[in-house]
Amino acid sequence: MKTSNENVKIDGIDKKILRFLMQDARKPILEIARNIGISGAAIHQRLRKLEASGLIAGSKFVINPKVLGYTTMAYIGIYLDKAMSNPVAVKQLEKVPEVLECHYTTGNWSILIKVLCRDNEHLMHVLNREIQPIEGVSRTETFISLNQQIERQITI
């Protein structure tokens, strides 16, 4: 693995390791090593370098929100009264647990957020009581996701 201009360059072995782990982060290192044909120690060393480079940002368990009763996913475009309101608005949005993502965008909205709620009534509560009262928010535009059809990471 080489780094140049802050871009990480990975070789074929790194790619194989990453593909295995992206598919199942709990796959045993020795199993990956057997499949690739190198030692477990070499896998550990490469993983440490990939983590140090910032390419691997961690591993996590993925919770199925539907099992917990969260069935309404929505994207909300937020119009701010002025660009200077962004830091204050984002600080307040961080306090709303239903907000999963927040993006500073170009186009019509200043901010685009992704929220997860139990149902439409819960979404309406979050909009009316948590998001729209935030200082600097002039209005919102909401899109409810009916079905997530593609979910993936970047291809390695």
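Overview of the structure. Given the structure is predicted, the values throughout are model-derived calculations rather than measurements. Sequence positions are assigned chain by chain, starting from 1 and proceeding in written order. Reporting in this predicted model follows two pLDDT cut-offs: at least 70 for local features of residues, and 80 or more for side-chain atom pairs to be given and counted; totals over whole chains, interfaces and linings ignore these cut-offs and use all residues. Excluding hydrogens and water, the side-chain values take into account all heavy atoms of the structure.

1. Considerations on the overall build of the protein
Strands here mean DSSP runs of E at least two residues long; helices mean DSSP runs of H or I at least four residues long; both are numbered from the N terminus. Looking only at helices and strands, one finds five helices and six strands in the protein. Listing each helix as α and each strand as β along the protein from the N terminus yields β-β-α-α-α-β-α-β-β-α-β. Note that the radius of gyration is over C-alpha atoms, with the globule rule given as 2.2 Å times the number of residues to the power 0.38. Computed over C-alpha atoms, the radius of gyration of the protein comes to 21 Å, more than 25% over the 15 Å expected from 2.2 N^0.38 for 156 residues, which places it beyond the range of a compact globule. Dimensions along the principal axes, computed over C-alpha positions, put the protein at roughly 55 × 40 × 25 Å.

2. A word on the side chain of Ser85
Position of Ser85 among the secondary structure elements: in the loop between strand S3 (72-80) and helix H4 (86-93). The residues contacting Ser85, other than those within four sequence positions of it, are Leu80 and Gly136. Every residue pair with non-hydrogen atoms within 4.5 Å of one another is taken to be in contact.

3. Quick word on H4
Among all positions in H4, only Asn86, Ala89 and Leu93 are buried. Across the axial projection of H4, the buried residues extend over an arc of 70°, all falling on one side. Those residues of H4 that are exposed and angled more than 90 degrees off the buried face are Pro87 and Lys91. Elements in contact with the buried residues of H4: S3, strand S4 (99-104), strand S5 (111-117) and helix H5 (120-131). Residue burial is assigned from relative accessible area. The probe radius is 1.4 Å, only protein chains are included, and a residue is buried under 20% of its type maximum, exposed over 50%, and partly exposed in between. Arc definition: directions from the helix axis to the C-beta atoms.

4. Re the nonpolar core
Side-chain atoms within 4.5 Å link the members of a nonpolar core, which is a set of buried Ala, Val, Leu, Ile, Met, Phe, Trp, Tyr and Cys residues. One finds Ile76, Ile78, Leu93, Ile113, Val115 and Ile131 to be the most contacted residues of the largest nonpolar core, which totals 18 residues. Broken down by secondary-structure element, the contributors of at least two residues to this core are S3, H4, S5 and H5. Those residues within four positions of Ile131 in sequence are excluded, and the remaining contacts are Ile76, Ile78, Leu93, Ile113, Val115, Val126, Val137 and Thr140. Judged by nonpolar contacts, the second largest core, of ten residues, contains Leu18, Leu21, Ile29 and Leu47.

5. Notes on the sheet that holds S3
Two strands are counted as paired when DSSP detects at least two bridges linking them. Taking strand neighbours across the sheet as the criterion, the four strands line up as S4-S5-S3-S6 in an open arrangement whose pairing is antiparallel. Both edges of this open sheet fall to S4 and strand S6 (137-145), since each of them pairs with a single strand only. The sheet shows a mean angle of 20° between the axes of neighbouring strands, taken without regard to direction. Examined bridge by bridge, S3 and S5 share seven bridges and lie antiparallel to one another. Its bridge partner lying in S5, Tyr75 is registered against Lys114. Lines are fitted to the C-alpha atoms to define the axes, a helix being fitted only along its stretch in contact, and any angle between axes, read from their N-to-C directions, falls within 0 to 180 degrees.

6. Thoughts on the packing of helix H2 (residues 29-36) against helix H3 (residues 40-53)
Where H2 meets H3, the closest approach of the two axes is 8 Å, and the angle between their N-to-C directions is 105°. With respect to H3, the element H2 is oriented roughly perpendicular. On H3, the residues that touch Ile29, Leu30, Ile32, Ala33 and Ile36 of H2 are Gly40, Ile43, His44 and Leu47. Note on residue categories: nonpolar means Ala, Val, Leu, Ile, Met, Phe, Trp, Tyr, Cys or Pro, charged means Asp, Glu, Lys or Arg, and polar means any other residue, Gly included. Of the residues contributing to the contact of H2 with H3, the split by class is seven nonpolar, two polar and no charged. We call two directions roughly parallel when the angle between them is under 35 degrees, roughly antiparallel when it is over 145, roughly perpendicular when it lies between 65 and 115, and oblique otherwise.

7. Section: the environment of Leu80
By the element assignment, Leu80 lies in strand S3. As a C-alpha pair, Leu80 and Trp109 span 29 residues in sequence and 7.6 Å in three-dimensional space.

8. Overview of the packing of aromatic side chains
Planes of paired rings set the category: under 30 degrees apart is stacked, over 60 is edge-to-face and the rest tilted, where pairs are Phe, Tyr or Trp rings (Trp by its six-membered ring) whose centres lie within 6.5 Å. Enumeration over the complete set of coordinates arrives at one aromatic pair. When the centroid spacing of 5.9 Å and the interplanar angle of 65° are considered together, the rings of Trp109 and Phe143 count as edge-to-face. Taken together, the residues span a long stretch of sequence, with Trp109 in the loop between S4 and S5 and Phe143 in strand S6 at a distance of 34 residues. According to the relative accessible area criterion, Trp109 is partly exposed, its value standing at 21%.

These values are about where atoms sit, not about what they do.
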